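Topology and contacts: notes
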Protein chains: 2
Amino acid sequence: MAKKHDTMSPQMLERVAGQFRALAEPSRLQLMNLLFDRERTVGELVEASGLSLANASKHLGLLHRAGWVTRRKDGLNVVYALADERTFGLCELMCDRVRELAAAEATFAKRGGG
Amino acid sequence: MAKKHDTMSPQMLERVAGQFRALAEPSRLQLMNLLFDRERTVGELVEASGLSLANASKHLGLLHRAGWVTRRKDGLNVVYALADERTFGLCELMCDRVRELAAAEATFAKRGGG
DNA sequence: TCATTGCTCAACTATATGGTTGAGCAATCG
DNA sequence: CGATTGCTCAACCATATAGTTGAGCAATGA
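Thresholds, definitions, all that
- Residues numbered from 1 in each chain as written.
- Chains lettered and ligands numbered in written order.
- Predicted model: local features only at pLDDT ≥ 70, side-chain atom pairs only at ≥ 80, totals over all residues.
- Heavy atoms only, no water.
- Near = heavy atom within 4 Å.
- Polar contact = N/O pair within 3.5 Å; in protein donor to acceptor, adjacent residues only side chain to side chain.
- Helix = DSSP H or I, 4+ residues; strand = E, 2+ residues; numbered from the N terminus.
- Nonpolar A, V, L, I, M, F, W, Y, C, P; charged D, E, K, R; others polar.
- Pairing = 2+ DSSP bridges.

**Points about the protein's contact with DNA strand C**
Around DNA strand C, the structure places 23 residues, and the nearest of them are Lys 58 and His 59 of chain A together with Gly 43, Ser 57 and Tyr 80 of chain B. Among all atoms of DNA strand C positioned within 4 Å of the protein, those belonging to sugar or phosphate total 66%. At 3.0 Å, a side-chain N or O of Arg 28 of chain A approaches a phosphate oxygen of DNA strand C. A distance of 2.9 Å separates a phosphate oxygen of DNA strand C from a polar backbone atom of Gly 43 of chain B. Within the residue set of the surface near DNA strand C, elements represented by two or more residues are helix H2 (26-34) and helix H4 (53-65) of chain A together with helix H3 (42-49), helix H4 (53-65) and strand S3 (77-82) of chain B. Per element, the largest residue contribution to the surface near DNA strand C is four residues, and it comes from H4 of chain A. By residue class, the composition of the surface near DNA strand C is eight nonpolar, nine polar and six charged.

**With respect to the pairing of S3 of chain B**
All names here are of chain B. Pairing between strand S1 (residues 40-41) and S3: two bridges, direction antiparallel. Bridging across to S3, Arg 40 finds its partner in Tyr 80. If you look at the hairpin formed by strand S2 (residues 69-74) and S3, you'll find two residues sitting between the two strands, and Gly 75 has a positive phi there, around 65°.

Now the structure itself:
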């Protein structure tokens, strides 16, 4: 049988949208991507990403408030890490999708889509 | 072996972020949710969602440009449908996550988090 | 042909948010 | 104690975007 989906409440819609919104930004995705392999300090993330310190800190704070990353103080440093294993599945799903869309676009262009 | 993740190119980051951005809005999630069971005309979506016609049309156009829905003309009507099966998995993943976060919040509040 | 229906689009306003700058706080060091 | 380091936060500006309004287009019907 086909799945039956309930209508979502406005609160649920807002919450889910908020989760997507946290990931709807290249800089934040980059930071998340840098945390895929291992936890890192803000300084490391700043160096690896090329973002300004204040900007990176702001993005990390947002990701933390959204529950995507954990924050831990270690001496002078603050260490961030991924908070949710689902991040990997989510990234794979979206990246696959984007690659497929890009491939379809390319095919369309080659066929005379322009 | 633990997964090794490559750093994503700026173009890829921007594309993936764009996909998330398309879903980072309660009204658009509501429209997507209404399409879970079956395809619908704009008129049906407007009535079911409570959005204004122009607003719904704008959101649907954006979802279409992002590749999340298909568009088909049927007489006077325009019929929209989900374009990607992954939508279901994505929604399930995010909704589970949001429910867990909400549960954790509630526990924290009960324990004296305020 | 002209009117109606169903939808899209352009232009506009209000709000949200990314990025910068400078202040400031907590932990370590001397 | 004061100085330094690593980071956060508030205030600001520029841009992006959700929602409205009104114009306009395509398909049907008279």
